[in-house]
Amino acid sequence: MKKHNFYAGPSILNRGVIENAAKGVLDFANTGLSVLEVSHRGKEFQAVMDEAVALFKELLDVPEGYEVIFVGGGASLQFFMAPLNLLGKKAAYINTGTWSTKAIEQAEYVNKMFGTSIEVIASSEDKNFTYIPKNFQVPEGIDYLHYTSNNTIYGTEYHKDLDCKARLVCDMSSDIMSRPVDVSKYDLIYGGAQKNLAPAGVTFAIVRKDALGKFERSIPTMLDYNTHIKKGSMFNTPPVFPIFVLLQTLKWYKEIGGIKALDKRNAEKAQVLYDEIDRNKLFKGTVAAEDRSRMNVCFVMNDEYQDLQDEFFKFATERGMVGIKGHRSVGGFRASLYNAMEIDSVKALVEAMKDFEAKH
Ligand SMILES: Cc1ncc(COP(=O)(O)O)c(C=O)c1O
């Protein structure tokens, strides 16, 4: 039976990407060696790194003056690296859920160390992070405004770049390359690659070079963006295999028409599923309609059908749905529709919801 992979991350990769990754595991670039056992300093892997950086820039239309790096440590390390490198005096943060909260916590460490400050200028915590805050004042003279573009756990998303005068820093872990982004508004975009790009283990950062080194601070070598920029992400051993797979994903993105095509695919997929959630009497969405994420679709049983939750889970599982359980802090269901997911899998889930409704 075909499995429909709705995991939130690590998550679905395109089948062709996995096949290319498998080929590289057996024989990498005609070296007679596996990509798992070659030096990151060899010319074959250097070519992979160069092409991955170039394609990443091309696909996202990254302007001059920015560098793309691939490092370890996850988005969670970026929560600390971002303020360590960019917070000179004061920054603003928007809190839209667990990951933003963690980013705020890490910035507080920087505050304690260097006497800087951050202000949380908006939050949706009052309604359990079920919406994106809209009306807030951005203070003058801040170093940056940090936000999380897609809230993987709660299923809310900014559908456009935040419109404000401040320089932006954004965690795009769970919606990178799902829609066009105006990179020039950002000093930093970062994220774990394990949702839309690659298997777990590699983190991307798009850094505006002029935003670095603006104030005197002694930054430990591995935590300094300049270290990784100057050494082309090869200061230390990079996550070789995840970067190799990342390149296969980027090639596939280019082949199918780039970000524009992905944007269209994602709009269609999300529409199909949200339409069914709104139509089906057994289910309801959990977040404000205008802020619904296209990447992580969260829903629950309607009030009078709460006791059917486990039964639906079993019903869907028997039809090949994998990973639709909501995050433990939210409950219900979450279907992640990342870039690699085909619309047929979304339709299979919708069919299951319809057939389950017909049964009850
Ligand atoms: C939006 C967002 N930010 C950050 C993280 C943490 O990423 P990592 O596990 O790579 O540290 C996640 C993980 O799911 C996420 O969804």
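Note that this is a predicted model, so its numbers are computed, not measured. (Residues numbered from 1 in each chain as written. Predicted model: local features only at pLDDT ≥ 70, side-chain atom pairs only at ≥ 80, totals over all residues. Heavy atoms only, no water.)

Quick word on the site of the ligand
Definition in use: Near, as used in this document, describes a residue that has one of its heavy atoms within 4 Å of the molecule or strand being considered. Side-chain atoms alone can form a polar contact between residues adjacent in sequence; in general such a contact is a pair of N or O atoms within 3.5 Å, and within protein one must be able to donate a hydrogen while the other accepts it. What sets the accessible areas is the Shrake-Rupley method with a 1.4 Å probe; for residues, cover comes only from the shown protein chains.
Around the ligand sit 13 residues, and of these Ser 76, Thr 152, Asp 171, Gln 194 and Lys 195 come closest. At 3.0 Å from an oxygen atom of the ligand is found a side-chain nitrogen or oxygen belonging to Gln 194. Measuring from an oxygen atom of the ligand, one finds a side-chain N or O atom of Lys 195 at 2.8 Å. In isolation the ligand offers 390 Å² of accessible surface; the protein chains occlude 85% of this area.

Description of the pairing of strand 5 (residues 145-148)
Stated formally: Exposure classes here rest on a 1.4 Å probe applied to the protein chains alone. A residue is buried below 20% of its type maximum, exposed above 50%, and partly exposed in between. By the criteria applied, helices consist of DSSP H or I runs no shorter than four residues and strands consist of E runs no shorter than two, each listed in order from the N terminus. For two strands to be treated as a pair, DSSP must find at least two bridges joining them.
The alternating pattern of strand 5 places Leu 145 and Tyr 147 and His 146 and Thr 148 on opposite faces, both of which are buried. In the sheet, strand 3 (residues 90-95) pairs with strand 5 via two bridges, with the strands oriented parallel. In the strand pairing of strand 5, Tyr 93 is matched with His 146. The sheet contact formed by strand 5 and strand 8 (residues 168-171) spans four bridges and is parallel. Looking across to strand 8, one finds that His 146 is bridged to Val 169.

Observations regarding empty space enclosed by the protein
The condition that has to hold: Buriedness of a pocket was judged along seven lines, with at least five required to meet protein on both sides within 12 Å; pockets are open sets of points on a 1 Å grid over the protein atoms alone, cavities are sets where a 1.4 Å probe fits but cannot get out, and lining residues have an atom within 4 Å of a point. Grid points are joined across faces, edges and corners, and a volume is the space filled by probe spheres set on the points. In this classification, Asp, Glu, Lys and Arg are treated as charged, Ala, Val, Leu, Ile, Met, Phe, Trp, Tyr, Cys and Pro as nonpolar, and every other residue, Gly included, as polar.
Scanning the model with the defined rule gives one cavity of 30 Å³ or more in all. Its volume calculated, the largest cavity comes out at about 50 Å³. In terms of lining residues, the largest cavity is bounded by Ile 12, Leu 13, Asn 14, Val 17, Lys 195, Asn 196, Thr 249, Trp 252, Tyr 253, Tyr 338, Asn 339 and Ala 340. Looking at the lining of the largest cavity, its residues break down into seven nonpolar, four polar and one charged.

Quick notes on the nonpolar core
For the record, the criterion: Note on terminology: a nonpolar core comprises buried Ala, Val, Leu, Ile, Met, Phe, Trp, Tyr and Cys residues joined through side-chain atoms within 4.5 Å. Contacts are residue-level and defined by heavy atoms, with any inter-residue pair within 4.5 Å sufficient.
Judged by nonpolar contacts, the single largest core of 90 residues is most densely connected at Phe 56, Phe 70, Met 177, Leu 197, Leu 273 and Phe 312. In this view, Phe 56 contacts Val 62, Val 68, Phe 70, Ile 176, Met 177, Leu 197, Phe 204, Ile 206 and Leu 250; residues no more than four positions away in its chain are not counted. Phe 80, Leu 84, Ala 91 and Tyr 225 belong to the second-largest nonpolar core, a separate cluster that totals 29 residues.

Topic: the packing of aromatic side chains
What counts, and what does not: For Phe, Tyr and Trp, rings pair up if their centres lie within 6.5 Å, where Trp contributes its six-membered ring, and each pair is then called stacked (planes under 30 degrees apart), edge-to-face (over 60) or tilted (otherwise). In this scheme, the term charge over a ring applies when either NZ of a lysine or CZ of an arginine sits within 6 Å of the ring centre and within 35 degrees of the ring normal.
Inspection of the entire model under this criterion finds 15 aromatic pairs. Aromatic side chains Phe 56 and Phe 204 sit 5.6 Å apart centroid to centroid with 45° between the ring planes, which places their arrangement in the tilted category. Here the residue Phe 56 occupies a position in helix 2 (residues 43-60), and Phe 204 occupies one in strand 10 (residues 203-208), the gap between them amounting to 148 residues. Its relative accessible area of 0% is what places Phe 56 among the buried residues. The interplanar angle of 50° and the centroid separation of 5.2 Å between the aromatic rings of Phe 315 and Phe 356 together place this pair among those described as tilted. With Phe 315 in helix 8 (residues 309-318) and Phe 356 in helix 9 (residues 343-359), the pair connects residues that are 41 residues apart, well separated along the chain. Among the aromatic residues, those joined into a cluster by ring pairs are Phe 283, Phe 299, Phe 312, Phe 315, Phe 333 and Phe 356. Taking the ring centre of Tyr 131 as reference, the NZ or CZ of Lys 127 above it sits at 5.6 Å. Arg 217 extends its terminal NZ or CZ atom over the ring of Phe 114, reaching a point 4.2 Å from the ring centre.

A look at unusual backbone geometry
The step from Gly 9 to Pro 10 runs through a cis peptide bond, and the omega angle for that step is -5°. With respect to the secondary-structure elements, Pro 10 resides in the loop between strand 1 (4-5) and helix 1 (15-26). With a phi close to 55°, Asn 30 is a non-glycine residue in the positive phi region. Mapping Asn 30 onto the fold places it in the loop between helix 1 and helix 2. Within the chain, Ser 233 stands out as a residue other than glycine whose phi angle is a positive 60°.

A look at the pairing of strand 3
What counts, and what does not: Orient the strands so they point away from the viewer; a crossover is then right-handed if the path from the first strand over the helix to the second runs clockwise.
Among the six residues in strand 3, five count as buried, and that is most of the element. With helix 4 (residues 98-114) bridging strand 3 and its parallel neighbour strand 4 (residues 117-123), the resulting β-α-β unit is right-handed.

What about the pattern of salt bridges?
Operational definition: Throughout this description, the term salt bridge denotes a Lys or Arg side-chain nitrogen within 4 Å of a carboxyl oxygen of Asp or Glu.
Under the criterion given, the structure shown has 23 salt bridges. Linking Glu 67 and Lys 209 is a salt bridge whose minimum nitrogen-to-oxygen distance equals 3.9 Å. Highlighted residues: Glu 67 in strand 2 (residues 66-71) and Lys 209 in the loop between strand 10 and helix 5 (225-230), separated in sequence by 142 residues. Judged by its relative accessible area of 17%, Glu 67 falls in the buried class. Under the relative-accessibility criterion, Lys 209 is labelled partly exposed at 37%. One salt bridge connects Lys 134 with Asp 291, and the closest N-O pair in it is separated by 2.9 Å. Taken as a pair, Lys 134 in the loop between strand 4 and strand 5 and Asp 291 in the loop between strand 11 (283-285) and strand 12 (296-301) lie far apart in primary sequence, 157 residues in all. The exposure class of Lys 134 is partly exposed, given its relative accessible area of 46%. Residue class for Asp 291 comes out buried when judged on its relative accessible area of 3%. One network of salt bridges, with partners in common, ties together Lys 57, Glu 67 and Lys 209.

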